[in-house]
Amino acid sequence: MTLLFNLSYRTIFGEEIMLNIMPSGNATATEQFKMATCDGNTWSCSVNILAKPGSVINYFYSVVKNGIEVRREWLVEPHRLAMTSEKGVHYVCMDHWIDIPEDSYLYSSAVTDCVASRTKSEAKKVLFSKTIKVKVRAPQLRGNERLAIMGDIAELGNWEAIKAYPMTEQQPNEWVADIDASNITAEAFEMKFVVLDAENDYTPLWENANNRRIDVPKMNNGDVAVFELGYAYFSIYPWRGAGVVVPVFSLRSEGSFGVGDFGDLAKMVDWVASTGQRILQILPINDTNITHTWTDSYPYNSISIYALHPQYADLRQLPELKDKARRQHYAELQKELNALPQIDYERVFAAKMEYLREVFEQEKAKLDKAAAYKAFFNGNKEWLVPYAAFCYYRDLYGNATFSEWPDHHALPDKERDEMAKAGTELYNKVAFWYYVQYVLDTQMRAAHDHARENRVILKGDIPIGISRDGVEAWVEPRYFNLNGQAGAPPDAFSMNGQNWGFPTYNWDEMISDGCSWWVRRFTKMAQYFDAYRIDHVLGFFRIWEIPIDAVHGLLGQFSPSLGMTREEIESYGLRFDEDRYTRPFITDWTLDRMFGGNASKVKELFLDRLDDERYQMKPEFDTQRKVEAWYKRVKSEENSSLDTLHLSLEDLRDSLYALISDVLFLRDRKDSKKFHPRIGVQLDFIYESLYDSDKYLFNRLYNDYFYRRNNHFWYYEAMKKLPRLTEATRMLVCAEDLGMVPDCVPWVMNQLRILSLEIQSMPKDDKVRFGHLSRNPYRSVCTISTHDMSTLRQWWDEDHARTQDYFNTMLHRGGAAPHPLPGWLAKEIVMRHLTSPSMLCLLSLQDWLSIDDKLRLADADAERINIPANPRHYWRYRMHMTIEQLMASDEFNETVKEMISQSGRK
């Protein structure tokens, strides 16, 4: 069979076009062919293949210069050729270059498999001696609609709607039709695409374009002419949806075991669907167990990017325990734990693990014979075996810090192989963890399937970091910088910045193998979700990297970033005194200001004289980590040397941290001859000590560095990574783009069609106090609050002056703002968000409930999920009512449904 590919694409001198055929549909395993051209605009390539009628090939085009790929087509949905002609032996394809479309979100599984899901089928084989195959992409069609062709020839119905020629959706949003060209005598024909409703075939919706003209080529028997036409657009209003955000652990049903589970998630889908919502967003669900204490409740510190958290196992779906006494024990414990107003993480986790072990011991003889279990194990063993090994050694050695283990600082290949062989001693030691993940995978997939059946989008959350005491850091350390800590610079959440403790990524290593680590991660996530939120998307441009010996985020620097040389600093007119500006600025006057009457004692205990003006920290206190270790030690013992200090131990610790971070510049981590201005230093003594003229010069340098210097550099850094990741799956891509956002972030997000996050109380326009909802971009997610923020009701009462300003200027109401926030006013605020142009409006469950005075929790402060300024916050919020009670709240549910409908969301 001969295939002739033709492409119109204008290149520049030195560029070549390559045809890439993907035999397995995998872009990494392609067969490549060089195309020919006479003018640099029209390219062609002839390929002979062994293929039978009915075969399908996927392919894409790329641009190569000097042997290096410089550009390629959008790979989420490549060209697809179904060779459906039984008599076809010579295919001529007239293609066009496929860039990422403006409406790429319509190709996501969130739309094609949930909101507008349609049954897709392969095009039927035809027996035409001559065939014209027409392909077109029409992404706007809704779930009950299909595409057809009408035209001025008999084969296309002569413009009669009842005779419209049907098309087949061969891949999401791409429609194809095989037309019998044997009896077409015209040199050309005109046609248009029309949308037909499944319930009304006779009232077509015509595409918004002039008639299309197809010139009929001269054809011989066995010829198939394939016309890939430009997009078909229709007068269909862009889809907008509403949804709810709630962590799985916060769900509560009558049968859950003290924490939400995957069974509850399926129940929550039912509530979402019944109220006209279309999206259910959750927080990360990966395993976070490091210490088996409540500190593991933090869902963004996962020990595996693949393994799910055992606390989410729905025990109701497991085989019943045969021991009646044990069944009774767990039934009583379930009632006790489920009645608690908040999660008792340690008791719940211990009880669930105990139950899972008992079920495993009861059922393990059947396990290895179960086909579903075997399929799960074989399909996941690359990550499952290391995960099980890590869990086993973590519990054996009593901690998860593998660098402190007496052995197994790495996983030997021999042990990995033994753990994967059923019946071996090592396999038996870790098989319990295989079983737990099998249970969780089965239940989460079932919840996902249930969501799709109800046309609900399950949206997940991908944390920016991984635990340094986790599986990936253990078995794939080359991908991480374990001597650094990821965090965030100072912002509205934390004046000292945030130190998440995660290792930073070794992007050079990741990019060298095509970001395969991330592709595997996203591919696994696509098994459970149809949309996802990229946590801290700024980390793909640059991460805030904090030294391993620092506690606060103030001593961090962006990585990668362009450090400044002495010459560059002095080019601003600022004389660079390296010793003065890079050492902590500690003097008598700064100590008096900080410690008052305690200054002399602080000097005695913690400082040495450096010169006539300055002090330095004693060697045993010269890093924040050393101070932290000292604090923990003295807190646990009586220390008479501190009795004369008239300040709390916590205040003393924090003041010592502040002394250490009081520097004007930080030395670059990789190049000791380059420097970075310290973030937020304008609030510190070293800045105060500058002459006013030097403050002016430093501020110019500071603003250039943080807001302009790195923009293009960071743009190219992000474009090395994010295109590969966004094309790895068909999930809808949303990003959390809050914080200190450089100008290059919206450039990349617009180019890759990533949805932004818009919060009215945190506007991205620094010229306004509150965002104008009507100005939200369509390609965005609109919300009132996130899990890191106060809920709407809390925010309303935190700052009365701010609330009054919002009440008058945003809600356009006179008089005094009422406190606390009444339900009717919360309803108005929610409605304003629903009517915004944003494609998605996702509100926390707490903010949805705020509109109902009778239904919402009386204590608004009990609804807070996380406080970012507290790195040891206990994540234990749980909805105060059961999902069954929520489902039965008819008046509230009808209100939600009506508000969504009135806002034009569906």
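Criteria and thresholds
Residues numbered from 1 in each chain as written. Predicted model: local features only at pLDDT ≥ 70, side-chain atom pairs only at ≥ 80, totals over all residues. Heavy atoms only, no water. Phe/Tyr/Trp six-rings, centres within 6.5 Å; stacked < 30°, edge-to-face > 60°. Buried < 20%, exposed > 50% of the residue type's maximum accessible area, 1.4 Å probe, protein only. Helix = DSSP H or I, 4+ residues; strand = E, 2+ residues; numbered from the N terminus. Lys NZ or Arg CZ within 6 Å of the ring centre and 35° of its normal. Polar contact = N/O pair within 3.5 Å; in protein donor to acceptor, adjacent residues only side chain to side chain. Contact = heavy atoms within 4.5 Å. Axes fitted to C-alpha atoms, helices over the stretch in contact; angles between N-to-C directions. Left-handed = near helix turned anticlockwise from the far one by under 90°. Pairing = 2+ DSSP bridges. Core = buried A, V, L, I, M, F, W, Y, C linked by side-chain atoms within 4.5 Å. Salt bridge = Lys/Arg side-chain N within 4 Å of Asp/Glu carboxyl O. Arc of directions from axis to C-beta. Parallel < 35°, antiparallel > 145°, perpendicular 65-115°, else oblique. Disulfide = S-S within 2.5 Å.

Turning next to the packing of aromatic side chains. The final tally for this structure, using the stated rule, is 73 aromatic pairs. A centroid spacing of 6.5 Å and a plane angle of 85° characterise the contact between Y528 and F529, whose relative ring orientation is edge-to-face. For the pair Y528 and F529, a shared accessibility class is recorded, and that class is buried. Their ring planes at 55° and their centres at 4.8 Å tell us that F576 and F675 sit as a pair that is tilted. Note that F576 is positioned in the loop between α11 (566–570) and α12 (578–582) and F675 in strand β34 (residues 674–677), a separation of 99 residues in sequence. Judged on exposure class, the residue F576 and its partner F675 are both buried. Through a chain of ring-to-ring contacts, the aromatic side chains of W544, F558, F576, Y581, F665, F675, Y687, F698, Y702, Y705, F706 and W714 assemble into a single cluster. It is R609 that lies over the ring of Y615; its NZ or CZ is 4.0 Å from the centre.

Of note, K135 is situated in strand β10 (residues 131–137). Reaching out from K135, the side chain makes a polar contact with the backbone oxygen of R80 at a distance of 2.8 Å. For K135, the contacting residues outside a window of four places in its chain are Y59, R80, Q170, E174, W175, V176, V226, F227, E228 and L229.

Moving on: the packing of helix α23 (residues 823–834) against helix α26 (residues 890–902). As a packed pair, α23 and α26 sit with axes 9 Å apart at the nearest point and diverge in direction by 40°. The chirality of how α23 crosses α26 is right-handed. Contacts between α23 and α26 pair K827, V830, M831 and L834 from the former with T895, M899, I900 and Q902 from the latter.

With that settled, the discussion passes to the sheet that holds strand β13 (residues 168–171). Note on sheets: strands pair through backbone hydrogen bonds, and any given pair is parallel or antiparallel. As summarised here, the arrangement of the eight strands in space is β4-β5-β1-β9-β18-β10-β14-β13, forming an open sheet in which the pairing is mixed. With partners counted over all chains shown, the strands left at the sheet margins are β4 (36–37) and β13, one partner each. Inspection of the sheet shows strand β1 (residues 2–8) paired to strand β5 (residues 42–48) by seven bridges, in the antiparallel sense. Among the inter-strand pairings, L4 is bridged to a residue of β5, identified as S46.

Counting 212 residues, the largest nonpolar core has Y434 and W518 as the members making the most contacts within it. Ranked by the residues each element gives to this core, the list is headed by helix α7 (residues 425–453), at 15 residues. When neighbours within four sequence positions are excluded, W518 is seen to be in contact with I462, I464, Y505, W507, M510, F540 and L725. Of all hydrophobic cores here, the second largest spans 28 residues; its members include V136, L147, A181 and I236.

Next up on the list: the pairing of strand β18 (residues 223–228). Summarising burial for β18: six of the six residues are buried, a large majority. Here β18 shows no split at all, with D223, A225 and F227 on one side and V224, V226 and E228 on the other all buried. Relative to β18, strand β9 (residues 90–96) runs parallel, the two sharing five bridges. Looking at β18, one finds that Y91 is bridged to V224. As defined by bridge partners, β10 adjoins β18 across five bridges and the pair is classed as parallel. Each residue of the ladder has a partner; that of T131, found in β18, is V224.

Before going further, it helps to examine the sheet that holds strand β35 (residues 732–735). Strand order in the open sheet made by the eight strands is β35-β26-β21-β20-β19-β38-β37-β36, with parallel pairing throughout. Each edge of the open sheet carries a strand with a single partner, namely β35 and β36 (756–759). Each neighbouring strand pair of the sheet contributes to a mean axis angle of 25°, computed without reference to strand direction. Pairing analysis gives four bridges linking strand β26 (residues 531–534) to β35, with the strands arranged parallel. From the neighbouring strand, A531 faces β35, where its bridge partner is L732. Helix α2 (residues 262–274) rests against β19 (241–245), β20 (279–281) and β21 (457–462) of the sheet, and its axis sits at about 145° to β20.

By the definition in use, this model includes 66 salt bridges. The shortest N-O distance in the salt bridge between E169 and R118 comes to 2.9 Å. Of this pair, E169 sits in strand β13 while R118 is found in the loop between α1 (109–115) and β10, placing the two residues 51 residues apart along the sequence. When sorted by exposure, E169 lands in the same class as R118, which is buried. For R575, the salt bridge goes to D577, with nearest N and O atoms at 4.0 Å. The exposed category is assigned to R575, whose relative accessible area is 58%. Among the charged side chains, a salt-bridge network with shared partners connects D113, R452, D530 and R730.

Position of S838 relative to the elements: it lies in the loop between α23 and β38 (840–844). The exposure class of S838 is buried, given its relative accessible area of 0%. Side-chain polar atoms of S838 contact the side chain of N776, separated by 3.1 Å. Sequence-distant contacts of S838, that is, excluding residues within four places in its chain, are made with R240, N776, P777, Y778, S780, V781, C782 and R905.

Attention shifts here to the environment of R793. Mapped onto the secondary structure, R793 falls in helix α21 (residues 792–798). You can call R793 buried: its relative accessible area is 8%. When the C-alpha positions of R793 and Q846 are compared, they lie 8.7 Å apart, and in sequence the two are 53 residues distant. Residues contacting R793, with those up to four places away along its chain left out, are L821, S850, R856, L857, A858, A860 and E863.

Our focus in this paragraph is unusual backbone geometry. Residue P560 is reached from S559 by a cis peptide bond, and omega for that bond is -5°. Of note, the bond from H819 into P820 is cis; its omega dihedral lies within 30 degrees of zero at -10°. Mapping P820 onto the fold places it in the loop between α22 (800–809) and α23. Despite not being glycine, N158 shows a phi value in the positive range, around 50°. Note on placement: N158 falls in the loop between β11 (145–151) and β12 (165–166).

Attention now moves to α22. All of the buried residues in α22 are R802, T803, Y806 and F807. With its buried residues spanning 140° around the axis, α22 presents them on a single face. On the buried face of α22, the contacting elements are α21 and α23.

Further remarks concern the packing of helix α19 (residues 711–726) against helix α20 (residues 744–751). The contact between α19 and α20 brings their axes to 9 Å, and the two run at 30°. Here α20 runs roughly parallel to α19, going by the angle between their axes. The crossing of α19 and α20 is right-handed. Between α19, through N711, H712, W714, Y715, A718, M719 and L722, and α20, the contact on the second element is made entirely by C744, W747, V748 and Q751.

Moving on, we get to the state of the cysteines. Taken as a whole and judged by the stated rule, the model has zero disulfides. Free of any disulfide, C38 has its nearest neighbouring cysteine sulfur in C45, separated by 14 Å. C45 supplies the cysteine sulfur nearest to C93, a cysteine that is in no disulfide, at a spacing of 11 Å.

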